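# Structural description and commentary
Next come the chains, spelled out residue by residue.
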Amino acid sequence: MMGMNPRQMKKLMRQMGIKMEELEGVEEVIIRMENKEIVLKEPVITIITAQGEKSYQIVPGSEEVRAIVRVSEEDVQLVMEQAGVDYETAKKALEEANGDLAEAILKLTEE
């Protein structure tokens, strides 16, 4: 198949029952895992349909990895009580402190 022009390739794929289309207007794709998420910015996405099955090929323009910090309700309540703040403020402080109770409380009480 080396040296085959794109039009010939598409014709051959169509004869084999394989359909390819590019997904337009995609800004980002997010892959979420237990403790992090990978953000693929400005990706080129090709949908390949063969024998009734769809496959997605994703080629990112850039990639960003973000940590996911999960905080418990008990921790939020403790920070609220110790720092004298509302729920959202306590939760945000815990997330910014990567779940560290002492750091979150100190940050809120220093201000």
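Quick look at the structure, then. Within each chain, residue numbers correspond to sequence positions counted from 1 in written order. Whole-chain, interface and lining totals are the exception, using all residues; otherwise, since this is a predicted model, local features are given only for residues with pLDDT of at least 70 and side-chain atom pairs are given and counted only at 80 or more. Side-chain measures were taken over the full set of non-hydrogen atoms in the model, leaving aside hydrogen atoms and water.

One bridge is not enough; two strands pair if DSSP finds at least two bridges between them. By definition, any uninterrupted DSSP run of H or I lasting at least four residues is a helix, any uninterrupted run of E lasting at least two residues is a strand, and each is numbered from the N terminus. Read from one edge of the open sheet, three strands run 1-4-5, paired in antiparallel fashion. Each edge of the sheet is formed by a strand with only one pairing partner; in this case those strands are strand 1 (18-23) and strand 5 (53-59). Pairs of neighbouring strands in the sheet enclose a mean axial angle of 20 degrees, with direction left out of account. Where strand 4 (residues 44-50) and strand 5 come together, seven bridges link them in antiparallel fashion. Of the residues in strand 5, the one forming a bridge with Ile45 is Ile58. Structural elements are reduced to axes, namely lines fitted to C-alpha atoms, with helices fitted over the stretch in contact, and the angle between N-to-C directions of any two is expressed from 0 to 180 degrees.

Let us now look at the nonpolar core. Among the nonpolar cores identified, the biggest contains 11 residues, and these are Val71, Val76, Val79, Ala83, Ala90, Ala93, Leu94, Ala97, Ala104, Ile105 and Leu108. If we skip the residues at most four places from it in the chain, Leu108 touches Val79, Ala83, Val85, Thr89, Ala90 and Ala93. For this analysis, a nonpolar core means a set of buried residues of the types Ala, Val, Leu, Ile, Met, Phe, Trp, Tyr and Cys, connected via side-chain atoms within 4.5 Å. Classification of residues uses two cut-offs on accessible area relative to the type maximum, computed with a 1.4 Å probe and protein chains only: under 20% is buried, over 50% is exposed, and between them is partly exposed. The contact criterion used throughout is that any non-hydrogen atoms of two residues lie within 4.5 Å.

Our focus in this paragraph is the environment of Lys91. In this fold, Lys91 is placed in helix 3 (residues 87-96). On the accessibility criterion, Lys91 (29% relative accessible area) is partly exposed. Residues Lys91 and Gly17, 74 residues apart in the sequence, show an inter-C-alpha distance of 52 Å. In this structure Lys91 touches Val71 and Val76, once residues within four positions along its chain are discounted.

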